[in-house]
Amino acid sequence: MKEIMEIDVIPEKERYTYEDYARLPEGAPYQLIGGQLIMVPAPIPYHQEVSKKLEYLLYDYVELKHKIGKVYDAPIDVYLGEDETYQPDIIFISNERLGIIKEDKIEGTPDLVIEILSPSTAYYDLVPKKEIYARHGVREYWIVDPMKKMIEIYENRDGEFVIIRKEGKGGRINSVIIDGFEVGLDVIF
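Residues numbered from 1 in each chain as written. Predicted model: local features only at pLDDT ≥ 70, side-chain atom pairs only at ≥ 80, totals over all residues. Heavy atoms only, no water.

1. Some words on the sheet that holds strand β3 (residues 69-73)
In space, the 6 strands of this open sheet follow the order β3-β6-β8-β9-β10-β11, with mixed pairing throughout. Only two strands of the sheet have a single partner each, and these edge strands are β3 and β11 (160-168). Averaged over all pairs of adjacent strands, the angle between strand axes in this sheet comes to 15°, irrespective of strand direction. Sheet strands in contact with helix α2 (residues 45-65) are β3, β6 (90-94), β8 (112-116) and β9 (140-145), and its direction is about 170° off that of β3. (Pairing = 2+ DSSP bridges. Helix = DSSP H or I, 4+ residues; strand = E, 2+ residues; numbered from the N terminus. Axes fitted to C-alpha atoms, helices over the stretch in contact; angles between N-to-C directions. Contact = heavy atoms within 4.5 Å.)

2. Observations regarding the packing of aromatic side chains
Under the counting rule described, the total for this entry stands at 10 aromatic pairs. On the numbers, 6.0 Å between centres and 35° between planes, the contact of Y18 with Y21 is tilted. Remark: Y21 and Y18 occur in helix α1 (residues 18-22); sequence separation between them is 3 residues, near one turn of the helix. Y21 carries the same exposure label as Y18, and that label is buried. Through pairs of rings, three or more aromatic residues link up here, namely Y86, Y133, Y141, Y154 and F161. Over the aromatic face of Y79 sits the side chain of K105, whose NZ or CZ is 5.7 Å from the ring centroid. (Phe/Tyr/Trp six-rings, centres within 6.5 Å; stacked < 30°, edge-to-face > 60°. Buried < 20%, exposed > 50% of the residue type's maximum accessible area, 1.4 Å probe, protein only. Lys NZ or Arg CZ within 6 Å of the ring centre and 35° of its normal.)

3. Regarding helix α4 (residues 128-135)
Counting buried positions along α4 gives 6 out of 8 residues, so the element sits mostly inside the fold. Burial in α4 covers these residues: P128, K129, K130, I132, Y133 and A134. Residue G137 follows α4 closely and has a positive phi angle near 100°.

Next up, the structure:
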């Protein structure tokens, strides 16, 4: 007779911490945002299509061709504090900062974070997460809007993001921090 494993249930509380978050079952669809466990439904196929294309281009450039860092995609935990643990869509960590990659999570800020908007997560990507990413020193932040077929690129200046570029379908974008990385939006959307 097989034993049934009990899942540790997280009690309801006003503010959750990383300790609470870490007790969730692996693959649980949550992010810890401002001390709240926010359920994040699976993205739609088009979101994943956009993510796959962008991640492949970044991975090819960063890891295969230039060997300047590591690229990861969701779900991967990015721990930014006791009440902030996110799962960005795509991240880049430069070789100089690979020490933030731990066995169970990324402990610190990636150099580049890319969030692909979904109806259920857009508010979090555009407001609280964006502010926390900036405050914690993410150097470059991309907001990818698959429905509008647009990408906005932000650069961190003294703990705040400043929009550097906004392009729609047919345009081209390039990274502020990854020298030479340029993408035509027609390849993404």
